[in-house]
Amino acid sequence: MSGDGPTPQEDFDHETDSTYKPPPEKTIEEILATDQEDESLRKYKQALLGQAESGTVIVEPDDPRKVIVKKLVLVVADRPEVSLDLTGDISKLKKETFAIKEGISYRIRIEFIVQREIVHGLKYVQKTYKLGLPVDKMTHMVGSYAPKSEMQSYTTPPEDAPSGMMTRGNYTVHSLFTDDDKHEHLKWEWSFDIKKDWKD
């Protein structure tokens, strides 16, 4: 399937929205320095910044990135979670395939670390192909996150897997974790099979 359809790079080349202008990116120091006399704003910033208010949060010193995407997890009620490790050679992920029973409701959880600075407007974009043809696209606004020493995560709303004989088979997915400033934190390709039953 890897030779079918656009590459992940081509796939997201037109992902920009020219009419949307994100607010200017501010450092933690700049946020702390503004409106210090406003008590309600001070409490809001305290809640927003969390651990970062008392100093720079660096979880992985050898990694200069602000967002480190660790894992994609397939969540289905009453089933064991299945995950993709996004910390290694992501080019190998398209050889690993999730099996999904047709018609079931599922969610996707992205687990990530935010360090060094606040990230604004994180966004998860997923484009799905079958036999090289686009069949689905979803964009989820993840939100803004302050640095934390703990893992953070975002879970998509429930999605229903397609059902019916014609929908069964292999699907290729191009995923992108980006933000308001168009930083590509991670882009990867993976696949899943729609099957009649979990036992297939």
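Calculation rules
Residues numbered from 1 in each chain as written. Predicted model: local features only at pLDDT ≥ 70, side-chain atom pairs only at ≥ 80, totals over all residues. Heavy atoms only, no water. Helix = DSSP H or I, 4+ residues; strand = E, 2+ residues; numbered from the N terminus. Buried < 20%, exposed > 50% of the residue type's maximum accessible area, 1.4 Å probe, protein only. Areas by Shrake-Rupley, 256 points an atom, 1.4 Å probe, with all protein chains shown as cover. Core = buried A, V, L, I, M, F, W, Y, C linked by side-chain atoms within 4.5 Å. Contact = heavy atoms within 4.5 Å. pLDDT = per-residue confidence, 0-100. Phe/Tyr/Trp six-rings, centres within 6.5 Å; stacked < 30°, edge-to-face > 60°. Polar contact = N/O pair within 3.5 Å; in protein donor to acceptor, adjacent residues only side chain to side chain. Salt bridge = Lys/Arg side-chain N within 4 Å of Asp/Glu carboxyl O.

## Overview of the overall build of the chain
Right, on to step 1. Scanning the chain from terminus to terminus reveals three helices and ten strands.
Right, on to step 2. Starting at the N terminus, the α and β elements of the chain follow one another as α-α-α-β-β-β-β-β-β-β-β-β-β.
Right, on to step 3. In the chain, which comprises 200 residues, the proportion classed as buried is 40%.
Right, on to step 4. On the chain, roughly 11100 Å² of surface is accessible, and the fraction owed to carbon and sulfur atoms is 51%.

## As for the nonpolar core
Right, on to step 1. Leu72, Ile110, Phe112, Tyr124, Phe177, Trp188 and Trp190 are the most contacted members of the largest nonpolar core, which totals 32 residues.
Right, on to step 2. Other than its neighbours up to four places away in sequence, Phe112 contacts Val67, Ile68, Val69, Lys70, Leu122, Val142, Tyr145, Met151, Gln152, Ser153, Tyr154 and Phe177.

## Remarks on the confidence of the model for the chain
Right, on to step 1. Put simply, the chain has an average pLDDT of 83, and 72% of its residues get 70 or more.
Right, on to step 2. Averaged pLDDT values for the elements of the chain fall to 61 in helix α2 (residues 28-33) and rise to 96 in strand β7 (residues 152-155).

## Describing the packing of aromatic side chains
Note on aromatic pairs: each is described by the distance of the centres and the angle between the planes.
Right, on to step 1. This structure, assessed with the given rule, holds six aromatic pairs.
Right, on to step 2. Pairing Phe98 with Trp190 gives two aromatic rings, centres 5.4 Å apart and planes at 75 degrees, and the pair type is edge-to-face. With Phe98 in strand β3 (residues 97-101) and Trp190 in strand β10 (residues 186-195), this pair connects stretches of sequence that are 92 residues apart.
Right, on to step 3. Among the residues examined, Trp190 registers a relative accessible area of 2% and is labelled buried.
Right, on to step 4. Pairing Phe112 with Phe177 gives two aromatic rings, centres 5.3 Å apart and planes at 50 degrees, and the pair type is tilted. One end of the pair, Phe112, is in strand β4 (residues 105-114); the other, Phe177, is in strand β9 (residues 169-178), with 65 residues separating them in the sequence.
Right, on to step 5. You can call Phe112 buried: its relative accessible area is 0%.

## Notes on the side chain of Gln126
Right, on to step 1. You can see Gln126 is positioned in strand β5 (residues 119-130).
Right, on to step 2. Overall, the relative accessible area of 2% leaves Gln126 in the buried class.
Right, on to step 3. At 2.7 Å, the side chain of Gln126 and the side chain of Tyr124 are in polar contact.
Right, on to step 4. With residues near it in sequence (within four places) discarded, Gln126 still touches Ile108, Asp136, Lys137, Met138, Val173, His174, Ser175 and Trp190.

## Looking at the pattern of salt bridges
Right, on to step 1. All told, the structure shown has seven salt bridges when counted by the stated rule.
Right, on to step 2. The closest approach of N and O atoms between Arg109 and Glu81, which form a salt bridge, is 3.0 Å. Within this pair, whereas Arg109 is found in strand β4, its partner Glu81 is found in the loop between β1 (67-76) and β2 (82-85), the two being separated by 28 residues in sequence.
Right, on to step 3. Linking Glu184 and Lys187 is a salt bridge whose minimum nitrogen-to-oxygen distance equals 3.0 Å.
Right, on to step 4. By relative accessible area, Glu184 is classed as partly exposed at 43%.
Right, on to step 5. Look at Lys187 and you get buried, because its relative accessible area is 17%.
Right, on to step 6. Each of Glu81, Arg109 and Glu111 takes part in salt bridges that share partners, so that together they form one network.

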